[in-house]
Amino acid sequence: MAAVSVLVAGCSGEPERPPAKPVYDLPAREVRPDETALHLPSALNGETEFSVIGLAAGLPSLTGSHTEFEAKGQFVRLRLVVTGKGLSGILFDTRRQQLVTDSGAVIAVDNQAMTIKRQPDKFDLGRGVRVEFDLYFDLPKEAKPLVLRAFGGPTLTDMKNLTGTDIKLG
């Protein structure tokens, strides 16, 4: 009878699934009051993985530890997680990232806003290292942010990495 049970169990018709890989349990965090949580698929550029997890638009000003800074139009803040996926580390440059608007304008990261909000500039992104931070852009008041053009660091096979990866924001 036991042999019949094993035989029947082996003929269930469902393909065997590999066991699930173990995962880290990262606690959920509340979204900041002026921010919308984004649930977008991650994207790769070179050996860098990008996950855009939050968006705040229409910010008229920013407050830092020593100053308040008015936008020329509106500040847009993106919450970003980058992860090193290559075999070696890369020098990641937050200032290379770009925001594309609904009119097609390409906007660079606002250096002064990044400094006021004490966000990183360049840093070593090691293999398997995950870093979360904000990017700030100053857009015209009527502009809508559509795409983050993400640039990973140079890799052993692409030392210049001139082509970004477009991540649609909604």
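Within any chain, residue numbers begin from 1 and follow the written order of that chain's sequence. Only residues with pLDDT of at least 70 are given local features in this predicted model, and only at 80 or more are side-chain atom pairs given and counted; all residues enter the totals for whole chains, interfaces and linings. To obtain the side-chain values, all non-hydrogen atoms of the structure were included, while hydrogens and water were left out.

Looking at an unreviewed UniProt entry, one finds the protein named Lipoprotein, with Amycolatopsis oliviviridis as its source organism.

A. Quick peek at unusual backbone geometry. Of note in the backbone geometry, Arg118 takes a positive phi value of approximately 55 degrees without being a glycine. Among the structural elements, Arg118 can be located in the loop between α2 (111–116) and β8 (122–125). Relative accessibility under 20% of the residue-type maximum defines a buried residue, over 50% an exposed one, and the middle range a partly exposed one, all with a 1.4 Å probe and only protein chains included. Residue Arg118 is classed as exposed on the basis of its relative accessible area, which comes to 58%. Elements are defined by DSSP. Helices are runs of H or I of four residues or more, strands are runs of E of two residues or more, and each kind is numbered from the N terminus.

B. A look at the packing of aromatic side chains. Working definition: rings of Phe, Tyr and Trp (its six-membered ring) pair if their centres are within 6.5 Å, and the pair is stacked with planes under 30 degrees apart, edge-to-face with planes over 60 apart, and tilted otherwise. A full pass over the atoms with the stated rule returns 5 aromatic pairs. On the basis of an interplanar angle of 35 degrees and a centroid distance of 5.7 Å, the ring pair of Phe69 and Phe75 is categorised as tilted. Given a relative accessible area of 0%, Phe75 falls into the buried group. Three or more aromatic residues joined by ring pairs make a cluster, and in this case those are Phe50, Phe92, Phe123 and Phe133.

C. View of the side chain of Thr48. Topologically, Thr48 is positioned in strand β3 (residues 48–63). Judged by its relative accessible area of 0%, Thr48 falls in the buried class. Apart from the residues lying within four places of it in its own chain, the contact partners of Thr48 are Ala43, Val82, Thr83, Ile90, Phe92, Leu125, Gly152 and Gly153. Here, residues are in contact when the closest pair of their heavy atoms is within 4.5 Å.

D. Just the pattern of salt bridges, in detail. Salt bridges are identified by distance alone: a Lys or Arg side-chain nitrogen within 4 Å of an Asp or Glu carboxyl oxygen. The tally for this structure, following the rule as stated, stands at 10 salt bridges. Ionic pairing is found between Asp34 and Arg77, a salt bridge with its closest N-O pair at 2.7 Å. Within this pair, whereas Asp34 is found in the loop between α1 (2–10) and β1 (36–37), its partner Arg77 is found in strand β4 (residues 68–84), the two being separated by 43 residues in sequence. Overall, Asp34 belongs to the partly exposed group, its relative accessible area being 38%. Put simply, Arg29, Arg32, Asp34, Glu35, Arg77, Arg79, Glu132 and Asp134 are held in one network by salt bridges that share partners.

E. Inspection of the sheet that holds strand β10 (residues 145–150) at higher detail. Whether two strands pair depends on DSSP finding at least two bridges between them. Taken in spatial order, the 4 strands make up an open sheet running β7-β6-β10-β11, and their pairing is antiparallel. Strand pairing shows two members of the sheet lacking a second neighbour, β7 (106–108) and β11 (165–168), which therefore form its edges. The average undirected angle you get between the axes of adjacent strands in this sheet is 30 degrees. With 3 bridges joining them, strand β6 (residues 98–101) and β7 adopt antiparallel strand pairing. Bridge assignment links Leu99 to a residue of β7, and that residue is Ile107. Working convention: axes come from line fits to C-alpha atoms, limited for helices to the stretch in contact. Angles between N-to-C directions cover 0 to 180 degrees.

F. Inspection of the pairing of β10 at higher detail. Pairing analysis gives 4 bridges linking β6 to β10, with the strands arranged antiparallel. Bridging from a neighbouring strand, Val100 pairs with Val147 of β10. Of the strand pairs in this sheet, β10 and β11 are connected by 4 bridges, and their pairing is antiparallel. Counterpart to Ala150 in the pairing with β11 is Thr165.

G. Quick peek at the environment of Leu44. Of note, Leu44 is situated in strand β2 (residues 43–45). Spatially, the C-alpha atom of Leu44 lies 9.6 Å from that of Ile167, the residues being 123 residues apart in sequence.

H. Molecular detail of the environment of Asp102. In this fold, Asp102 is placed in the loop between β6 and β7. In the structure, Asp102 is positioned 43 residues away from Pro145 in sequence and 6.3 Å away in space, judged by C-alpha atoms.

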